[in-house]
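Coordinates in review
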Amino acid sequence: MESLSPAPTFCEPLDDDGLAEPTFLDRLFDQGLLVRTGVDGLYGRSGAFESVVEALDRLIGRLGAADNAEVLRFPPGMSRPAFERSGYLKGFPNLAGTVHSFCGHEGEHAKLLACVEAGEDWTAGQRATDIVLTPAACYPLYPVAAARGPLPAEGRLFDLQSYCFRREPSLEPTRMQLFRMREYVRMGSPDQVLAFRESWLERGTQMIRDLALPLAIDAANDPFFGRAGRMLANNQRAQGLKFELNVPVNSVEKPTACLSFNYHQDHFGTTWDLVQADGEVAHTACVGFGLERITLALLRHHGLDLAAWPEGVRRVLWG
């Protein structure tokens, strides 16, 4: 596995008065790259920040262009029945987000307005809709792919990008509650999807090297919830089902996962009755790119002034 390249120390220094200097998040706000909204992990983005996100998205597209993936773009909400069937709530109930709406009559509307006027909780009249917030870009894909019938002999490959939601408010700028994920998803036989994952391990590693960022690739696990979740996490790590490409952004000791490489085995195939051409249950794998996280890694290591970034990095991103 890769090991971390030399990286700067990220502890925030003290000024002459013994006070901590502004954090990385503070400096992103001060520079106007991120914009406060009053909610931790929910931020506006400046044009400069977006220019990096867009350049990364194009770069990832160029890296995958020769594979001729089918491009699909879903909104950041998905069907609640599909979400429930996916099994997400078994592992991550604490991260899920639902869409609620007012479904009352005029009298209940008057009560709602009175609560707002009094500064009281006005959400009692809200009811869950048939939409939930998308937790990962690939989740809306599986029922759509399964509805097409058996996979062709060569399997299928999809190119996805979406805003995603995970309920984990934090002052770490890399842990946003709403963020964008670019994904490639491979469906087919175990050999097909594992070859796909291995190919993207190499391509993703080279991409981060070309961006002059220190990195490490480590076996990882998803943050499953509860006691049963710890067993699932141990099994996932032991079987080598998930690898992450980590870059130190908040600290060297706890680097940030900027890319993930996941082998789902037949989980989604079984869940959605997704089958191969020969009738066997399909296996799936995906590679995910955290677009905001990679952008923040670039800002952390190359500075907040994009014009001062190394010429080689600018050339990779903007040509």
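Predicted, not measured: the structure shown is a model, and the values here were computed from it.

**Topic: the packing of aromatic side chains**
- Here the structure, examined in full by the defined rule, presents 9 aromatic pairs.
- With a centroid separation of 5.6 Å and 90 degrees between ring planes, the pair formed by Y88 and Y139 is classed as edge-to-face. Taken together, the residues span a long stretch of sequence, with Y88 in helix α4 (residues 88–91) and Y139 in the loop between β6 (126–133) and α6 (141–146) at a distance of 51 residues. For the pair Y88 and Y139, one class covers both residues: buried.

**A word on helix α10 (residues 291–302)**
- The terminal C-alpha atoms of α10 lie 16 Å apart, and with 12 residues this matches the ideal 16 Å at 1.5 Å per residue to within 8%.
- Among the 12 residues in α10, 11 count as buried, and that is most of the element.
- Turning to α10, its buried residues number three or more, namely L291, E292, I294, T295, L296, A297, L298, L299, R300, H301 and H302.
- Of the residues trailing α10, G303 is marked for its positive phi of about 100 degrees.

**A look at the sheet that holds strand β9 (residues 216–219)**
- Spatially, β3-β7-β8-β12-β11-β10-β9 is the arrangement adopted by the 7 strands of the open sheet, whose pairing is mixed. Each edge of the open sheet is held by one strand with a lone partner, namely β3 (70–71) and β9.
- Strand direction decides the pairing type here: β9 and strand β10 (residues 242–247), joined by 4 bridges, are antiparallel. Bridge assignment links I217 to a residue of β10, and that residue is L245.
- Lying on the sheet, helix α7 (residues 190–210) is in contact with β7 (156–165), β8 (178–188), β9, β10, β11 (256–265) and β12 (283–290); it crosses β8 at an angle near 140 degrees.

**Some details on the packing of helix α2 (residues 47–64) against α7**
- Here α2 crosses α7 at 140 degrees, and the two axes come no closer than 11 Å. Relative to α7, the element α2 is oriented oblique. Relative to α7, α2 is oriented so that their crossing is right-handed. Contacts between α2 and α7 pair L59, I60, L63 and G64 from the former with W200, R203 and M207 from the latter.
- When the residues that make up the contact of α2 with α7 are grouped by side-chain class, the tally is 5 nonpolar, 1 polar and 1 charged.

**Things to note about the nonpolar core**
- If you look at the biggest cluster of nonpolar residues, it comprises 80 residues, and the most contacted ones within it are I208, L211, I294, L298 and L299.
- A total of 7 residues in this core trace back to one element, the largest contributor, which is α2.
- When neighbours within four sequence positions are excluded, I294 is seen to be in contact with L56, M207, I208, L211, C258, L259 and F289.

**Things to note about the pattern of salt bridges**
- Enumeration according to the criterion identifies 12 salt bridges in this entry.
- Between D67 and R203 there is a salt bridge, and its shortest N-O distance comes to 2.9 Å. With D67 in the loop between α2 and β3 and R203 in helix α7, this residue pair connects regions lying 136 residues apart in the sequence.
- D67 sits in the partly exposed class, given a relative accessible area of 31%.
- On the basis of relative accessibility, which here comes to 21%, the residue R203 falls in the partly exposed class.
- A salt bridge links E292 to R180; the shortest N-O distance between them is 2.7 Å. Placement of the pair is E292 in helix α10 and R180 in strand β8, with a sequence separation of 112 residues.
- Look at the salt bridges and you will find they share partners, linking R45, E50, R180 and E292 into a network.

**So, the sheet that holds strand β4 (residues 77–79)**
- In spatial order, the strands read β4-β6-β5; together these 3 strands make up an open sheet with antiparallel pairing. With one partner strand each, in any of the chains shown, β4 and β5 (98–102) form the two edges of the open sheet. The average angle at which neighbouring strand axes cross in this sheet is 60 degrees, direction not considered.
- Relative to β6, β5 runs antiparallel, the two sharing 4 bridges. Residue pairing for β6: S101 is matched across the bridge by R127.

**Details of the side chain of S260**
- Take S260: it is sitting in strand β11.
- For S260, a relative accessible area of 16% corresponds to the buried category.
- A distance of 3.2 Å separates the side chain of S260 from the side chain of N262, its partner in a polar contact.

Conventions we followed
- Residues numbered from 1 in each chain as written.
- Predicted model: local features only at pLDDT ≥ 70, side-chain atom pairs only at ≥ 80, totals over all residues.
- Heavy atoms only, no water.
- Phe/Tyr/Trp six-rings, centres within 6.5 Å; stacked < 30°, edge-to-face > 60°.
- Helix = DSSP H or I, 4+ residues; strand = E, 2+ residues; numbered from the N terminus.
- Buried < 20%, exposed > 50% of the residue type's maximum accessible area, 1.4 Å probe, protein only.
- Expected span 1.5 Å × (residues − 1).
- Pairing = 2+ DSSP bridges.
- Contact = heavy atoms within 4.5 Å.
- Axes fitted to C-alpha atoms, helices over the stretch in contact; angles between N-to-C directions.
- Parallel < 35°, antiparallel > 145°, perpendicular 65-115°, else oblique.
- Left-handed = near helix turned anticlockwise from the far one by under 90°.
- Nonpolar A, V, L, I, M, F, W, Y, C, P; charged D, E, K, R; others polar.
- Core = buried A, V, L, I, M, F, W, Y, C linked by side-chain atoms within 4.5 Å.
- Salt bridge = Lys/Arg side-chain N within 4 Å of Asp/Glu carboxyl O.
- Polar contact = N/O pair within 3.5 Å; in protein donor to acceptor, adjacent residues only side chain to side chain.

Shape descriptors only; they carry no functional weight alone.
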